[in-house]
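# Overview (structure and organization)
One-letter residues, chain by chain:
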Amino acid sequence: GAGPGETAGRVEARNIRRLTAAGIASMGLVAYGEDLRPDGRLESFVLTEELHGYEPLDDFLIRRFPAIRSARTTARDHDLDQLIRVVAAVARRLHRAGYNHRDLYACHFFVREPVKGQFAVRLIDLQRVEHRRRFRRRWLVKDLAQLAYSAPRQRITRTQRMAFLRYYLGVGRLRPGDKRLVRAVLAKQRRIERREGLAG
């Protein structure tokens, strides 16, 4: 008697509309629909515009930027720095609007470079996105740790990872509270790596 509940299609369509209204670039929603089957199963679909010319962030990093040789010999890449700024801005806007993604892996940021050094970034796979009136830090930590874990290790240095967090926090230098957040993100990242068998 409780009804079939919300479908994945309805949830994702709503999240696309809400995030777009909050200034977070995602996918253009074309349509979504639902169908209640005779056996009581409720099925759904979502149709979005094609992200023409975009590719997942992890693939883009590997294709576009050279592998790290060493921290001392790798020169600063201003294009990569700009991309890190743009991705950090998307994550910051998402969280400041009260949302957490729950699957904030690099593959869910889609990137296009229409002009060299200028990047457009869209956030996809919004089915599990949640909005919270009272935000607990653990949800921020989880999102940021997932992104840190999934960023290609041979493309992003530790210095660049710290720069991402400064851009995300909007500070030039980490404050004591910021450092506690960074330590929590790193600890969560290590737990993900152990779970996936990548620690060490």
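Residues numbered from 1 in each chain as written. Predicted model: local features only at pLDDT ≥ 70, side-chain atom pairs only at ≥ 80, totals over all residues. Heavy atoms only, no water.

The next subject is unusual backbone geometry. One non-glycine residue, R102, lies in the positive phi region at around 80°. Within the secondary structure, R102 is located in the loop between β4 (99–100) and β5 (109–115). At D125, a residue that is not glycine, the phi angle is positive and equals roughly 55°. Here D125 shows up in the loop between β6 (118–123) and β7 (130–131). Judged by relative accessible area, D125 falls into the partly exposed class, the value being 30%. (Helix = DSSP H or I, 4+ residues; strand = E, 2+ residues; numbered from the N terminus. Buried < 20%, exposed > 50% of the residue type's maximum accessible area, 1.4 Å probe, protein only.)

This next bit is on the packing of aromatic side chains. The final tally for this structure, using the stated rule, is three aromatic pairs. Centre to centre, the rings of F60 and F65 are 6.4 Å apart; their planes meet at 75°, and the pair counts as edge-to-face. Residue classification places F60 among the buried positions, given a relative accessible area of 1%. Measuring from centroid to centroid gives 6.4 Å for F164 and Y168, while their planes differ by 15°, and the two rings are stacked. Taken together, the residues F164 and Y168, both in helix α5 (residues 158–169) and four residues apart, mark about one turn of the helix. Each of the two residues, F164 as well as Y168, counts as buried. (Phe/Tyr/Trp six-rings, centres within 6.5 Å; stacked < 30°, edge-to-face > 60°.)

When you line up the elements, K116 lands in the loop between β5 and β6. On the accessibility criterion, K116 (64% relative accessible area) is exposed. A C-alpha to C-alpha distance of 37 Å links K116 and A8, two positions 108 residues apart in sequence. Other than its neighbours up to four places away in sequence, K116 contacts R64 and D79. Polar side-chain contacts of K116 include one of 2.6 Å to the side chain of D79. (Contact = heavy atoms within 4.5 Å. Polar contact = N/O pair within 3.5 Å; in protein donor to acceptor, adjacent residues only side chain to side chain.)

Turning our eyes to something else, we now look at the sheet that holds strand β3 (residues 55–56). As summarised here, the arrangement of the three strands in space is β3-β5-β6, forming an open sheet in which the pairing is antiparallel. Among the strands making up the open sheet, the edge pair consists of β3 and β6. Where β3 meets β5, two bridges bridge the pair, whose relative direction is antiparallel. Each residue of the ladder has a partner; that of E55, found in β5, is V111. (Pairing = 2+ DSSP bridges.)

When strand β1 (residues 29–36) meets strand β2 (residues 42–48), the two strands line up antiparallel, connected through seven bridges. Counterpart to L29 in the pairing with β2 is T48. Following β1, the chain reverses through five residues before pairing antiparallel with β2; G40 in that reversal takes a positive phi of roughly 95°.

Everything listed here is a matter of coordinates, which is why it stays silent on function.
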